Amino acid sequence: MRKEQIKQVIEEILKGTEFFLVDLSVPATGQLITAYVDSDQGITISQCGELSRKFGKELDERDLGDQTYNLEVSSPGLQRSLVLKRQYKKNVGRNVEVMKKDGTSMSGKLVYVDEDKILIHEERKPDTEEMINFSEISKAQVVV
């Protein structure tokens, strides 16, 4: 199965729902496909199970290949990097660590997100805030 075909099927199913696809892992062997799905309110285990059944049924009906596979639907979890702007917006008010493309990093409370940038209230330097353009970010994660 090709990743783009699988992604298209999943996004079609999610269209018009509260859920969105964050990432899709399809190894070269294709045996374990993992779809990372979230919503602005979070996602439960039972919702992941329900989506897994819907995705699997549609993928089987479309017959995107003769290769056997296992499908897993999961929330992105805190250990995974923030990928979509929608994820940043969902995490306003939480502590994040941001690695910038220039090699510097900062951590603090994510206080604002718009289409181009985020604002972080840095915890290491009291009363210091920094605006960071998305184009400057190499990696960002929520910190517990």
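Throughout what follows, the structure given in this document is the object of discussion.

How each quantity is defined
Each chain has its residues counted from 1, running along the sequence as written. Residues qualify for local features only when their pLDDT is at least 70, as the model is predicted, and side-chain atom pairs are given and counted only at 80 or more; totals for whole chains, interfaces and linings, by contrast, use all residues. Note that water and hydrogens are dropped before the side-chain values are worked out from all heavy atoms of the structure. In this analysis, the protein atoms alone were mapped onto a 1 Å grid. Cavities are point sets where a 1.4 Å probe fits without being able to get out; pockets are open sets with protein on both sides within 12 Å along at least five of seven lines; lining residues have an atom within 4 Å of a point. Grid points are joined across faces, edges and corners, and a volume is the space filled by probe spheres set on the points. Take a side-chain nitrogen of Lys or Arg and a carboxyl oxygen of Asp or Glu: if they are within 4 Å of each other, that pair is a salt bridge. Each helix is a run of H or I in the DSSP string that is no shorter than four residues. Each strand is a run of E no shorter than two, and both are numbered from the N terminus. When a residue's accessible area, from a 1.4 Å probe over protein chains only, is under 20% of the maximum for its type it is buried; when over 50% it is exposed; and in between it is partly exposed. To obtain each axis, a line is fitted to C-alpha atoms, and for helices this fit is confined to the stretch in contact; angles are then taken between N-to-C directions over 0 to 180 degrees. Angular relationships are summarised with four words: roughly parallel below 35 degrees, roughly antiparallel beyond 145, roughly perpendicular across 65 to 115, and oblique for the angles in between. Note on convention: near helix rotated counterclockwise from far helix by under a right angle means a left-handed crossing. Clockwise means right-handed. Residues are treated as being in contact if the distance between any of their heavy atoms lies within 4.5 Å. Here, any two strands with at least 2 DSSP bridges between them count as paired. Here the expected length of a helix is defined as 1.5 Å per residue gap, with one fewer gap than residues. This arc corresponds to the set of directions leading from the helix axis out to the C-beta atoms.

Considering the layout of surface pockets
Here the largest pocket defines a volume of roughly 190 Å³. Along its surface, the largest pocket is lined by 15 residues, and D38, G77, L78, K90 and N91 are the ones closest to its centre.

Here we look at the pattern of salt bridges
By the definition in use, this model includes 10 salt bridges. A salt bridge links D40 to R86; the shortest N-O distance between them is 3.0 Å. With D40 in the loop between β2 (32-39) and α2 (45-62) and R86 in helix α3 (residues 85-90), this pair connects stretches of sequence that are 46 residues apart. Its relative accessible area of 33% is what places R86 among the partly exposed residues. With a closest N to O distance of 2.7 Å, D114 and K117 form a salt bridge. Residue D114 is classed as buried on the basis of its relative accessible area, which comes to 15%. What makes K117 partly exposed here is its relative accessible area of 22%. Connected through shared salt-bridge partners, E12, E58 and R62 make up one network.

So, the packing of helix α1 (residues 3-14) against α2
Direction vectors running N to C along α1 and α2 enclose 130°, while the axes themselves pass 10 Å from each other. Here α1 lies oblique to α2, going by the angle between them. Between α1 and α2 lies a crossing of right-handed hand. On the side of α1, the interface is formed by I6, V9, I10, E12, I13 and L14, while α2 contributes L51, K54, F55, E58, L59 and R62.

Focus on the sheet that holds β2
Pairing within the open sheet is mixed, and its three strands lie in the order β1-β2-β3. In this open sheet, the two strands that pair with only one neighbour each are β1 (19-25) and β3 (70-74). Adjacent strand axes in the sheet meet at a mean angle of 25° when their direction is disregarded. Two elements, β1 and β2, share six bridges in a ladder whose sense is antiparallel. Note that in β2 the partner of S25 across the bridge is T34. The sheet contacts of α1 involve β1 and β2, and relative to β1 the element is tilted by about 165°. The sheet contacts of α2 involve β1, β2 and β3, and relative to β3 the element is tilted by about 145°.

Things to note about α2
Given a rise of 1.5 Å per residue, 18 residues ought to cover 26 Å, and the 26 Å separating the end C-alpha atoms of α2 matches this to within 8%. Along α2, the residues classified as buried are C48, L51, S52, F55, G56 and L59. Along α2, the residues classed as buried sweep out an arc of 135° about the axis, all on the same side. In α2, the exposed residues that point more than 90 degrees away from the buried face are S46, R53, K57, D60 and E61. Looking at the buried positions of α2, the neighbouring elements they touch are α1, β1, β2 and β3. Within two residues after α2, D63 carries a phi angle of roughly 50°, on the positive side.

None of this, on its own, says anything about what the molecule does.
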